[in-house]
Amino acid sequence: ELTPTVPASLRDSIRRRMGLLDPTARRVVGAAALLGRRFDWELLPGIADLDGRAVVDALRAAVDAQIVAVNGDGFVFRHSLTREAVAGDLLPPERRRLARQAWPAIERAHPGLPGATCELAAELAEAAGVPEAAAERLVESARRALATGALTTAEGTARRARRLAPLDEAVARD
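The residue count restarts for each chain, going from 1 along the sequence in the order it is written. pLDDT decides what is reported in this predicted model: residues at 70 or higher carry local features, side-chain atom pairs at 80 or more are listed and counted, and totals for whole chains, interfaces and linings draw on all residues regardless. Calculated side-chain values reflect all of the structure's heavy atoms, with hydrogen atoms and water omitted.

Here we take up the packing of helix H2 (residues 23–35) against helix H6 (residues 92–109). The angle between two axes is taken between their N-to-C directions and runs from 0 to 180 degrees, where each axis is a line fitted to C-alpha atoms and a helix contributes only its stretch in contact. Numbering goes from the N terminus for both helices and strands, where a helix is a DSSP run of H or I of at least four residues and a strand is a run of E of at least two. The interhelical angle for the contact between H2 and H6, taken along N-to-C directions, is 55 degrees, at an axis separation of 10 Å. In terms of their interaxial angle, H2 and H6 are classed as oblique. Remark: the crossing between H2 and H6 carries right-handed chirality. Taking contact as the criterion, the partners of Arg27, Gly30, Ala31, Leu34 and Leu35 in H2 are, on H6, Arg95, Arg97, Leu98, Ala99, Ala102 and Ile106. When residues are sorted by character, Ala, Val, Leu, Ile, Met, Phe, Trp, Tyr, Cys and Pro go into the nonpolar class, Asp, Glu, Lys and Arg into the charged class, and all the rest, Gly among them, into the polar class. Of the residues contributing to the contact of H2 with H6, the split by class is seven nonpolar, one polar and three charged. By the definition adopted for this analysis, an angle is roughly parallel if under 35 degrees, roughly antiparallel if over 145, roughly perpendicular if from 65 to 115, and oblique otherwise. Crossing chirality is assigned from the near helix's rotation relative to the far helix, an anticlockwise turn below a right angle marking it left-handed and a clockwise turn marking it right-handed. Note on contacts: a residue pair is in contact if any heavy atoms of the two residues lie within 4.5 Å.

See the structure below:
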């Protein structure tokens, strides 16, 4: 598996800009980083445990700090490495707490987990400390890839699911 590496100079720049934000804005941006480069900002109040006004204020501060940008009616991290730097700086307890909030929010917002949301739900379940649920979603994602003829993707996704699945569970056999 390839893991993106954020160059040290960019990581330091992002850290400095994040340091200019108040703790509430940092929590919102951290929650957004778990959702992907393009993120559904309407999910952030429930994930960050804040009201909508506080989330909008946090997003404005993040835009001003050039961490995220407005993209049509939504938001996007200015660069995929920016998102990686923000997510990489989350402490394990922060990541787990935010993932525990984000995972069910994604599943409620996207019934049936269409497209890439299935893998996002798997990533969030794994970050939340529920590898069995992550494996279940990865098996489904592998099935979808297989159905579309993406054999290499299906195999890689199935292997990742197998690593996460408990040995005695049905998902391991799947």
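Turning to the sheet that holds strand E2 (residues 68–71), a few remarks are in order. Sheet strands associate in pairs through backbone hydrogen bonding, adopting either a parallel or an antiparallel arrangement. Taken in spatial order, the three strands line up as E1-E3-E2 in an open sheet, and their pairing is antiparallel. Each edge of the open sheet carries a strand with a single partner, namely strand E1 (38–39) and E2. With four bridges joining them, E2 and strand E3 (residues 74–77) adopt antiparallel strand pairing. By the bridge assignment, Val68 is partnered in E3 with Phe77. Its contacts with the sheet put helix H4 (residues 52–64) on E1, E2 and E3, and the angle it makes with E2 is roughly 110 degrees. Strands were regarded as paired on the criterion that DSSP finds at least two bridges between them.

Moving on, we come to the pattern of salt bridges. Here, a salt bridge means any side-chain nitrogen of Lys or Arg that lies within 4 Å of a carboxyl oxygen of Asp or Glu. Evaluated as defined, the whole model comprises nine salt bridges. Here Glu126 and Arg160 are joined by a salt bridge, their closest N and O atoms 3.1 Å apart. In this pair, Glu126 sits in helix H7 (residues 117–127) while Arg160 sits in helix H9 (residues 151–164), placing the two residues 34 residues apart along the sequence. For every residue, the accessible area obtained with a 1.4 Å probe (protein chains only) is divided by the maximum for its type, and the residue is called buried under 20%, exposed over 50%, and partly exposed between those limits. Here Arg160 falls in the buried class, since its relative accessible area comes to 17%. Glu140 is the partner of Arg144 in a salt bridge, and the nearest nitrogen-oxygen pair spans 3.0 Å. Note that Arg144 and Glu140 are positioned in helix H8 (residues 131–147) at a spacing of four residues, about one turn of the helix. When salt bridges with common partners are traced through the structure, they connect Glu107, Glu136 and Arg137 into a single cluster.

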